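# Chains, contacts and geometry: an overview
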Amino acid sequence: MSRIFVTGGSGRLGRSVVAGLAEAGHKVISVDRDAIPAEQLPAGAEQYAADLLAPGEAERLIRETAPDAVIHLAAIAVPFSAPEDVIFSTNTRLAYAVVSAATDAGVPRIVTASSPTALGYGSPAGWLPPSFPLDEQTPPKPWNAYALSKLIAEQTVQMFAAAQGNKIRYAAFRPCYVISPEEWEGALTQQGHTVRERLQDPALSAPALFNYVDARDVADFLDVLLDKMDAIPNGQVFFVGAKDALATAPLAELFPRFLPGSGPLTGHLTGSSPAFSIDKARELLGWEPKRTWRTELTPPFEGEDTAASEQAALNDEIPAGLIPAGATKETP
């Protein structure tokens, strides 16, 4: 059991991270400007209401609570939800204040949240990557203050890792479009639509490249990451997403409609294949997401789902003799 200090613990992602880590047996210290009602706080968690941008506040709280790990989630979480200079200043200052305070206090494991938007998709000037699926080697090209602030958060932990060597372990992660548990049951998502509406109208999910992740899977990822940080290279960045796309049709069909010029790059994204690769997290950490929209949406989606049917057909077409030893056919 570890003592884990989580900033932004009252947020959409933070609530699930706090609950998931507490359920895994950790003592969780949730810190946010706004506290949640005490009865909603999971067993094994405590909370502090604090402004981490106030001088010395991050350092004071970290030293007072003496955590074994810090997970920094606090930020203005939606692009263009505030003036660009406010988003940039707030997010970069928060990341530096928390990571610096944790480093000065000698916290052995420090993790910060980044964002897939650091890659630059959605740019009004146009955007195409070298290849799909997108992964940690895809060059970042942020075009707004939010995306740039998240890339700087990654560089902040890497800067400290360069200075500290292996005395303190650092990492950053890029969670895909986060869906919290209540949103599977019809609560509005971050952009003001329901999950069901995003599935019914691909234009709603296209700006995020049809990516998503269940908030509870992010909590599971962080639990695994904290456990494995001493065994992986320092300062790593990970994509954290679902194993499929938030779409009822293959991305090979959808991308040419919504991302001009992408056809030659995305023709292999058949079945339910997502646009973002999580292979690095699988290979370095052994992490695998447990939840998909097909298992979590309540009530289940009743429309046509050609992505799942195509994936099943592709799997069924593989001759049994060509399936590698020990492998199983993927269940969409």
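Residues numbered from 1 in each chain as written. Predicted model: local features only at pLDDT ≥ 70, side-chain atom pairs only at ≥ 80, totals over all residues. Heavy atoms only, no water.

### As for the layout of surface pockets
So the rule is basically this: Here a cavity denotes grid points, spaced 1 Å and computed from the protein atoms alone, that fit a 1.4 Å probe unable to get out, and a pocket denotes an open set having protein on both sides within 12 Å along at least 5 of 7 lines; residues with an atom within 4 Å of a point are the lining. Grid points are joined across faces, edges and corners, and a volume is the space filled by probe spheres set on the points. Secondary structure is summarised from DSSP: a helix means a run of H or I of at least four residues, a strand means a run of E of at least two, and numbering begins at the N terminus for each. Polar here means any residue outside two lists: the nonpolar Ala, Val, Leu, Ile, Met, Phe, Trp, Tyr, Cys and Pro, and the charged Asp, Glu, Lys and Arg; Gly therefore counts as polar.
Considering only enclosed or pocket space, the largest pocket measures out at about 1,200 Å³ in volume. At the level of elements, α1 (12–23), α3 (84–104) and α4 (145–164) are the ones that each hand at least two residues to the lining of the largest pocket. Top element by residues in the lining of the largest pocket is α1. It accounts for 3 residues. Of the residues belonging to the lining of the largest pocket, the class tally is 25 nonpolar, 13 polar and 7 charged. A volume near 260 Å³ is recorded for the second largest pocket. For the second largest pocket, the lining is made up of 15 residues, of which Lys-243, Ser-273, Pro-274, Asp-279 and Arg-282 are closest to its centre. A per-class count over the lining of the second largest pocket returns 6 nonpolar, 4 polar and 5 charged.

### Let's talk about the pattern of salt bridges
We count it as follows: In the sections that follow, a salt bridge refers to a side-chain nitrogen of Lys or Arg positioned within 4 Å of a carboxyl oxygen of Asp or Glu.
According to the stated counting rule, one finds 16 salt bridges in the structure shown. Glu-57 is paired through a salt bridge with Arg-60; the nearest N and O atoms lie 2.9 Å apart. Note that Glu-57 and Arg-60 are positioned in helix α2 (residues 57–65) at a spacing of 3 residues, about one turn of the helix. Taken together, the salt bridges that share partners define one network made up of Asp-217, Asp-220, Lys-290 and Arg-291.

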